[in-house]
Amino acid sequence: MTDGRRPRLADAFPVLADEIAELLRAEGDPLADAVADLPCHGRCACTAACTCLLTAPPGSACPFVVLLERDGIGVFLLSLDPSRTTITGIEVLDGRDPG
């Protein structure tokens, strides 16, 4: 648990968290070390078909994005906070159900 109320992303979605960390490490991105401990705020509720997982409270600022690719195909789109040091959301782009 991250703060006693929210599960960690790595506990709620271990395969997804591992894959994101692996892709970030391959790019040398220091955000990789923080992925496992991100809080999981659940799925985005904007639409029933939304494939985003929130790692910050709904409505958190996320003005920057990072596209993670595997073999040239977009797999995840990470939303970042204004300081570009915290992942606030994860959009799953490859068609799988995020959970």
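Residues numbered from 1 in each chain as written. Predicted model: local features only at pLDDT ≥ 70, side-chain atom pairs only at ≥ 80, totals over all residues. Heavy atoms only, no water.

Caption draft 1: Inspection of the nonpolar core at higher detail. With 24 residues, the main nonpolar core has L16, I20, L24, F76, L78 and I87 as its most contacted residues. Of all elements in the fold, only α1 (9-12), α2 (14-26), β2 (64-70), β3 (73-80) and β4 (87-92) reach the threshold of two or more residues within this core. Here the element with the most residues in this core is α2; it accounts for six residues. Setting aside chain neighbours within four positions, we find L24 in contact with D29, L31, A32, V35, L68, L78 and I87. (Core = buried A, V, L, I, M, F, W, Y, C linked by side-chain atoms within 4.5 Å. Buried < 20%, exposed > 50% of the residue type's maximum accessible area, 1.4 Å probe, protein only. Helix = DSSP H or I, 4+ residues; strand = E, 2+ residues; numbered from the N terminus. Contact = heavy atoms within 4.5 Å.)

Caption draft 2: Structural detail: the sheet that holds β2. Read from one edge of the open sheet, four strands run β1-β4-β3-β2, paired in antiparallel fashion. Across the chains shown, the open sheet's two edge strands, defined by having one partner strand only, are β1 (52-54) and β2. Each strand of the sheet is rotated relative to its neighbour by a mean of 25 degrees, with strand direction disregarded. Relative to β4, β3 runs antiparallel, the two being bridged by five bridges. (Pairing = 2+ DSSP bridges. Axes fitted to C-alpha atoms, helices over the stretch in contact; angles between N-to-C directions.)

Caption draft 3: Representation of α2 in the model. An ideal rise of 1.5 Å per residue puts 18 Å on 13 residues; α2 measures up with 18 Å between its terminal C-alpha atoms. Burial in α2 covers these residues: L16, A17, E19, I20, A21, L23 and L24. Of the surrounding secondary structure, the elements contacted by the buried residues of α2 are α1, β1, β2, β3 and β4. (Expected span 1.5 Å × (residues − 1).)

Caption draft 4: Representation of the environment of P63 within the structure. Among the secondary structure elements, P63 is positioned in the loop between β1 and β2. For P63, a relative accessible area of 52% corresponds to the exposed category. Through-space distance from the C-alpha of P63 to that of P82 is 6.0 Å; in sequence the pair is 19 residues apart. Setting aside chain neighbours within four positions, we find P63 in contact with L80, D81 and P82.

Caption draft 5: Representation of the layout of surface pockets within the structure. There is about 170 Å³ of room inside the largest pocket. Sorting the residues of the lining of the largest pocket by element identifies β1 and β4 as the ones contributing at least two each. The residue inventory of the lining of the largest pocket, partitioned by class, reads nine nonpolar, five polar and no charged. (1 Å grid on protein atoms, 1.4 Å probe; cavity = no way out; pocket = protein on both sides within 12 Å on 5 of 7 lines; lining within 4 Å. Points joined across faces, edges and corners; volume = space filled by probe spheres on them. Nonpolar A, V, L, I, M, F, W, Y, C, P; charged D, E, K, R; others polar.)

Caption draft 6: View of the packing of aromatic side chains. Under the defined criterion, the tally for this structure stands at zero aromatic pairs. The ring of F64 carries the charged tip of R84 above its face, separated from the ring centre by 3.8 Å. (Phe/Tyr/Trp six-rings, centres within 6.5 Å; stacked < 30°, edge-to-face > 60°. Lys NZ or Arg CZ within 6 Å of the ring centre and 35° of its normal.)

Caption draft 7: Broad picture of the environment of L67. Residue position: L67 is located in strand β2. Note: C-alpha distance between L67 and L93 (26 residues apart in sequence) is 9.6 Å. Each residue touching L67, except ones within four places of it in the same chain, is listed here: E27, G74, F76, L77 and L93.

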